[in-house]
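Single-letter residue listing:
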Amino acid sequence: MASRVERAEDIHQELQPNLQRLELPRATNQAVSWDSQEVAVVKALEESSQEVIDHISRDRDKLRLALFLWSKGIRIKSLETKEASRVGSKLNSKLNQISNFMGDRYYSIRKLYKSIKSNMNEGEAFSLILKDEPNQVVSDSCQLANMLCSIAFLEEYHYLKSPRFILEAKPSRDPNALNFLSGGWLERYVKEKLVKIASQQGKKISFSYIMNTQVTLPNGNDFEIDLFFYVNDKFYWVESKTGDYYESIDKYSWLASRLGLQQNQAFVVLTDVDQDKKISLSSSYKLSVIGVDDVEPTFIKILKSHVRKST
């Protein structure tokens, strides 16, 4: 087995071309200094898989994100390169479409979504009475059910029109369906909004992201980072939750502090939270709590602020 020094030399050789071209921001709480880069690389050699090293050695932007995490004592176990690699490109495109629909119209489809989520683990059929709901809720709920049925994430779906106004459905227990409906859709929605808004800025900003990154924290605990990205000279972190968040938010606040992120750089997206709760949680923890409807305006504000600084 290669010695630590030999292994360090080998990986440093792989990363060196990108390291030489990498311009890191200067703010002390934002970046990795050139002195600590060498330390970070050596540490990464011992603690990261060859797959991770191979991936970032080919991608200068991902390397920049990896170096930041390594400098904070966070070990990267695996990087998700493309969602399509797991589910196939055609299904991946359809899932992105459904995610965008669910996020943009969450308050219309919330009643249906909660019924699906509460019955999906057992795959039990359910009936949803929509008689007293606004036309938009009925229309959006039926459209979502149709889309989910078209990819077999609902095994059955029927809508009984006037005078009954009852939606009947049966969730699938397929692992892809369970992953998507338990919260994967929100992670996709947040990522899709970010990438779309960033792409609209063109070359006015420097931008890259990693998603669903499996890491080991400095305390030895395993963790998945939903979305981590940088814009110009700042790093940002976003977690998305569709269920109970009380057990997680303390950990999120601790990690935001460990990463050296300010409150306007660390976000938790929640599906069912009112304005008072968002304000209360944001004032109690070292991060910003936002709702689904806040995602797009929040990212627009962040990205456009960097465009102004760079012009």
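Not measured: the values here are computed from a predicted model. (Residues numbered from 1 in each chain as written. Predicted model: local features only at pLDDT ≥ 70, side-chain atom pairs only at ≥ 80, totals over all residues. Heavy atoms only, no water.)

Asker: So what's going on with the overall build of the protein chain? Which residues, and what values?
Answerer: Helix and strand content of the protein chain: 12 helices and nine strands. Partitioning the contacts of the protein chain with sequence separation of at least 6, the portion at a separation of at least 24 is 67%. (Helix = DSSP H or I, 4+ residues; strand = E, 2+ residues; numbered from the N terminus. Contact = heavy atoms within 4.5 Å.)

Asker: Which residues make up the pattern of salt bridges, and what are the values?
Answerer: All told, the structure shown has 10 salt bridges when counted by the stated rule. The salt bridge involving K111 is made with E133; its shortest N-O contact spans 3.1 Å. Taken together, the residues span a long stretch of sequence, with K111 in helix α7 (residues 106-119) and E133 in the loop between β2 (126-129) and α8 (135-150) at a distance of 22 residues. Relative accessible area serves as the criterion here: at 36%, K111 is assigned to the partly exposed category. With a relative accessible area of 27%, E133 lands in the partly exposed category. Overlapping salt bridges, with partners in common, bring together D104, K193 and E296 in one network. (Salt bridge = Lys/Arg side-chain N within 4 Å of Asp/Glu carboxyl O. Buried < 20%, exposed > 50% of the residue type's maximum accessible area, 1.4 Å probe, protein only.)

Asker: Break down unusual backbone geometry for me, with residues and values.
Answerer: Look at the link from S162 to P163: it is a cis peptide, with omega at 10°. With a phi close to 65°, A152 is a non-glycine residue in the positive phi region. Summarising the element assignment, A152 is placed in the loop between α8 and β3 (154-160). The class of A152 is partly exposed, set by a relative accessible area of 45%. Not every positive phi belongs to a glycine, and N232 is a case in point at roughly 55°. Here N232 lies in the loop between β6 (222-231) and β7 (234-241). Assessed through its relative accessible area of 17%, N232 is described here as buried.

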